[in-house]
Amino acid sequence: MMLKNKKAVIFDLDGTLLDSMWFWRQIDIDYLGSMGKELPDDLQASIAGMSFSETAIYFKERFELKESLEEIKHTWNHMAEEKYRHVVCKPGALRFVQDLKKAGIKTGIATSNSIELATIGIEAAGLLPYLDEIHTSCEVKTGKPAPDIYLHVAKCLSVAPADCLVFEDIKEGLMAGKAAGMTVCAVEDAFSASQREEKKQFADYYIESYDEVKRI
């Protein structure tokens, strides 16, 4: 049982708890299109795991954008806000987080998204009452696959890394959790379907739905 002896569960957000990864391809298309630029085929793979701030830096440098980093992030937040107000959980996710709360297992979020969008999405999906800590990779030195954000959330939860279970939907996130010394479970998501076999190699467990996790 993957939860045996675990004192905390730390989740990535997009594609892990929220069905939201598909938002971003269209946002990138629209954002670049407004500047007369096309979406490169390698863009999503190039920015996977980066923090919101690191992604803004990448966009500014790669596409030679005139806007400041704050302006870029503000635009992205504005473009995505309405989508996050109507976001839904991945199958079984809400019930699973509720069960963790009832069992006294601490819960945290370690997301690469902005705190603004993460907060909107978490509230819209009904997850907020069941989460103890919510943190973004912008709070630490380096985004995923570095372990920084997972170590930060564990510290905020006052739980040793070895006592934490991580849920992630992309390879870079799984690598971050493993590098932090945590047990990791990969979550199926259409956005990262091409990574499925790689994800299974990095993960200790793999689920298509939280309903597969044994009820606490």
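Everything here concerns the structure above.
Draft legend 1. Summary view of the overall build of the chain. When helices and strands are tallied, the chain shows 9 helices and 6 strands. Relative to its length of 216 residues, the chain is compact, with a C-alpha radius of gyration of 17 Å against a globular reference of 17 Å. By its C-alpha atoms, the chain is 50 × 30 × 30 Å across when sized along the principal axes. A separation of at least 24 residues holds for 67% of the contacts in the chain among residues at least 6 apart in sequence.

Draft legend 2. Focus on the layout of surface pockets. Of the pockets and cavities examined, the largest pocket occupies roughly 590 Å³. The wall of the largest pocket is formed by 30 residues, among which Met21, Ile47, Ala48, Gly49 and Phe191 lie closest to the centre. Counting residues per element, the ones that place at least two in the lining of the largest pocket are helix H1 (21-33), helix H2 (43-47), helix H3 (52-62) and helix H8 (171-179). Counting residues per element, the lining of the largest pocket draws most heavily on H1, at 4 residues.

Draft legend 3. Seen up close, the environment of leucine 174. Along the chain, leucine 174 falls in helix H8. Residues leucine 174 and lysine 199, 25 residues apart in the sequence, show an inter-C-alpha distance of 7.3 Å. The residues touching leucine 174, leaving out its near neighbours within four places in the chain, are Glu168, Val184, Cys185, Ala186, Lys199, Phe202 and Ala203.

Draft legend 4. Quick look at the sheet that holds strand S6 (residues 205-207). Here 6 strands make up an open sheet; going across it, the order is S3-S2-S1-S4-S5-S6 and the pairing parallel. At either margin of the open sheet sits one strand with a lone partner, and together these are strand S3 (133-136) and S6. Each adjacent strand pair in this sheet contributes to an overall mean axis angle of 20 degrees, direction not counted. Pairing of strand S5 (residues 183-187) with S6, which is carried by 3 bridges, proceeds in the parallel orientation. Along S6, the bridge assignment pairs alanine 186 with tyrosine 206. Sheet contacts for helix H5 (residues 93-103): strand S1 (8-11), strand S2 (106-111) and strand S4 (164-168); angle to S1, the most-contacted strand, approximately 150 degrees. Across the sheet, helix H7 (residues 148-157) touches S1, S2, S3 and S4, and the angle it forms with S2 is around 150 degrees.

Quick notes on the rules
- Along every chain, residues carry numbers that run from 1 in the direction the sequence is written.
- Totals for whole chains, interfaces and linings use all residues, but because this is a predicted model, local features are given only for residues with pLDDT of at least 70 and pairs of side-chain atoms are given and counted only at 80 or more.
- Excluding hydrogens and water, the side-chain values take into account all heavy atoms of the structure.
- Runs of H or I in DSSP of at least four residues are treated as helices and runs of E of at least two as strands, each being numbered from the N terminus.
- As a reference, a globule follows 2.2 Å times the number of residues to the power 0.38, and the radius of gyration itself is taken over C-alpha atoms.
- Throughout, a contact is declared for two residues whenever any of their heavy atoms are within 4.5 Å.
- Here the term cavity refers to a set of points on a 1 Å grid, laid over the protein atoms alone, in which a 1.4 Å probe fits but cannot get out; the term pocket refers to an open set having protein on both sides within 12 Å along at least five of seven lines, with lining residues being those that place an atom within 4 Å of a point.
- Grid points are joined across faces, edges and corners, and a volume is the space filled by probe spheres set on the points.
- DSSP-based pairing: two strands are paired if at least 2 bridges between them are found.
- Each axis is a line fitted through C-alpha atoms, taken for helices only over the stretch in contact, and angles between the N-to-C directions span 0 to 180 degrees.

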